[in-house]
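This is what each chain is made of:
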Amino acid sequence: MIPMVDLKTQYASLKEEIDTEVLNAVANAQYILGPNVQYFEKEAADYLGAKYAVGCASGTDALHLALVAAGIKAGDEVITSAFTFIATAEAICYVGAKPVFVDIDPKTFNIDPTLIEAAITPKTKAIIPVHIFGQPTNMPAIMKIANKHKLKVIEDCAQSFGAKINKTTTGSFAEAGCHSFFPSKNLGCYGDGGLVTTNSDEIHTQLIALRNHGSFERYHHHVIGFNSRLDELQATILRIKLKHIDTFNAGRYRVAQNYSTKLHESIQTPFEDNIGNHVYHQYTVLTDNRDAIQAALSAKEIASAVYYPIPLHKQDVFKEDYRDIQLPVTESVCAQCLSFPVYPEMPENTQQKIIDTINSVF
Ligand SMILES: *Cc1c(COP(=O)(O)O)cnc(C)c1O
């Protein structure tokens, strides 16, 4: 079976170092907010070019904590995309705010900045751009709108670790950047993990308390916080993997380039604008032949996946509240999108087998 992502091969390539360091951390017995979490936060902040990085329990929590720290609350509206994983909208709902879905750009699949201003109301307090599949959203355009309307911007970087626009890494443009270390993400740990980056002293101070029961000092509690800490063992693994993230992302890019040059001309391969560099968390195409391609791949034991089959405004949990809104581009992308396996370690002959199988449908 050719999987969407091959975590076993990646582990094998780092096994010696990971095994040693995980066992050291176990023996060291500082399991909560231990030294590896502190080192990782420093190393991740340096890598991402952010003033601060605060570990937390997941990417979902990173979004939630960032929204609380940015002061988003019940009754507020937050503009985002409906072409994303549910967590983006869940986090907005956790603080009692309302997700306002804006349609996407048909080429990048990211929120279309030209449609944002029409969705702004007096209740709008923030925008959450999602760098979907690893393609950076046009942040200069987003920031211009946000500055004009005094909106906070919280970037969902769960799929874009290491992606940059010019020299700025996604997550460093505004109030906060929210990262996920779910195992299959570009930088993944061996369980759940997340991180918020920020350049704001104030938001950093809040995050430190929010992730740890609202406390700066043990048994002194200033606000209602959460139990949402990055695990020491996960931080140990992340420190090792962070050293290889550029190689991992370059490997994904190489596979994507190979697909894009060789796939049948009727398939709309991922668009690369000249705004930022794509880190290919997913390699996602548009095609009218989705079922036939999936059947051909599955017959050869090759995985494929539809990210995302149902846009958020059509999900059971939201569809009543959003029955009057239409997002034509989002809906048509959901009907045509298909993702193929992409991971840094994919051998050339595996890539060729996938390409041949896909092209055999035409
Ligand atoms: C994975 C993901 C999340 C949530 O991250 P978790 O670590 O799984 O909680 C949020 N947003 C997007 C776009 C994601 O892909």
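(A) Focus on the overall build of the protein chain. On a plain count of helices and strands, the protein chain comes out with 12 helices and 13 strands. Whereas a compact globule of 362 residues would reach a radius of gyration of roughly 21 Å, the protein chain reaches 20 Å, a difference of no more than 12%. With the principal axes as the frame, the protein chain shows a C-alpha extent of 65 × 55 × 35 Å. In the protein chain, which comprises 362 residues, the proportion classed as buried is 53%. Sequence separation of 24 or more characterises 70% of the internal contacts of the protein chain that already satisfy a separation of 6 or more. When the 31 basic and 40 acidic side-chain charges of the protein chain are each reduced to a single mean position, those positions are 2 Å apart.

(B) Fine view of the packing of aromatic side chains. Throughout the structure, instances matching the rule amount to 18 aromatic pairs. On the numbers, 5.8 Å between centres and 5° between planes, the contact of Tyr47 with Phe161 is stacked. In this pair, Tyr47 sits in helix 2 (residues 35-48) while Phe161 sits in the loop between strand 5 (152-156) and strand 6 (164-165), placing the two residues 114 residues apart along the sequence. Each residue in the set Phe83, Phe109, Phe133, Tyr307 and Tyr308 is aromatic and connected to the rest through ring pairs, giving one cluster. The ring of Phe271 is capped by Lys107, whose NZ or CZ atom sits 5.1 Å from the centre of that ring.

(C) View of the site of the ligand. Around the ligand there are 14 residues in total, and Gly59, Thr60, Gln159, Ser180 and Lys185 lie nearest to it. Between Gln159 and the ligand, the recorded distance is 2.8 Å, taken from a side-chain N or O atom to an oxygen atom. The separation between an oxygen atom of the ligand and a polar side-chain atom of Lys185 is 3.0 Å. Considering the ligand on its own, with 380 Å² of exposed area, one finds that the protein chains cover 93% of that surface.

(D) Region of interest: unusual backbone geometry. In this structure, Tyr308 follows Tyr307 across a cis peptide bond, with omega equal to 5°. At Tyr280, a position not held by glycine, the phi torsion is positive, near 45°.

(E) Just the environment of Ala87, in detail. Turning to its location among the elements, Ala87 is positioned in helix 4 (residues 87-94). Linking Ala87 and Tyr11, residues 76 residues apart in sequence, is a C-alpha distance of 27 Å. What Ala87 contacts, discounting residues up to four positions off in sequence, is Thr60 and Leu63.

(F) The pattern of salt bridges, seen in detail. One pass over the structure, following the stated rule, counts 10 salt bridges. A salt bridge links Lys42 to Asp46; the nearest nitrogen and oxygen atoms lie 2.8 Å apart. Within this pair, Lys42 and its partner Asp46 are both found in helix 2, separated by 4 residues, close to a single helical turn. Here Lys51 ties to Asp201 by a salt bridge, and the two come within 2.9 Å at their closest N and O atoms. Of this pair, Lys51 sits in the loop between helix 2 and strand 1 (52-56) while Asp201 sits in helix 6 (residues 201-210), and the two are 150 residues apart along the sequence. Taking the relative accessible area as the measure of exposure, Lys51 reaches 49% and is therefore partly exposed. Accessibility expressed as a relative area gives 41% for Asp201, which makes it partly exposed.

(G) Summary view of the packing of helix 3 (residues 59-69) against helix 4. At a minimum axis separation of 9 Å, helix 3 and helix 4 run at an interaxial angle of 35°. As helix 3 runs across helix 4, the sense of the crossing is right-handed. Of the residues in helix 4, those touching helix 3 at Thr60, Leu63, His64 and Leu67 are Ala87, Thr88, Glu90, Ala91, Ile92 and Tyr94. Of the residues contributing to the contact of helix 3 with helix 4, the split by class is 6 nonpolar, 3 polar and 1 charged.

Definitions and limits used
- Residues numbered from 1 in each chain as written.
- Predicted model: local features only at pLDDT ≥ 70, side-chain atom pairs only at ≥ 80, totals over all residues.
- Heavy atoms only, no water.
- Helix = DSSP H or I, 4+ residues; strand = E, 2+ residues; numbered from the N terminus.
- Rg over C-alpha atoms; globule rule 2.2 N^0.38 Å.
- Buried < 20%, exposed > 50% of the residue type's maximum accessible area, 1.4 Å probe, protein only.
- Contact = heavy atoms within 4.5 Å.
- Lys, Arg positive; Asp, Glu negative; His and termini not counted.
- Charge placed at Lys NZ, Arg CZ, Asp CG, Glu CD.
- Phe/Tyr/Trp six-rings, centres within 6.5 Å; stacked < 30°, edge-to-face > 60°.
- Lys NZ or Arg CZ within 6 Å of the ring centre and 35° of its normal.
- Near = heavy atom within 4 Å.
- Polar contact = N/O pair within 3.5 Å; in protein donor to acceptor, adjacent residues only side chain to side chain.
- Areas by Shrake-Rupley, 256 points an atom, 1.4 Å probe, with all protein chains shown as cover.
- Salt bridge = Lys/Arg side-chain N within 4 Å of Asp/Glu carboxyl O.
- Axes fitted to C-alpha atoms, helices over the stretch in contact; angles between N-to-C directions.
- Left-handed = near helix turned anticlockwise from the far one by under 90°.
- Nonpolar A, V, L, I, M, F, W, Y, C, P; charged D, E, K, R; others polar.

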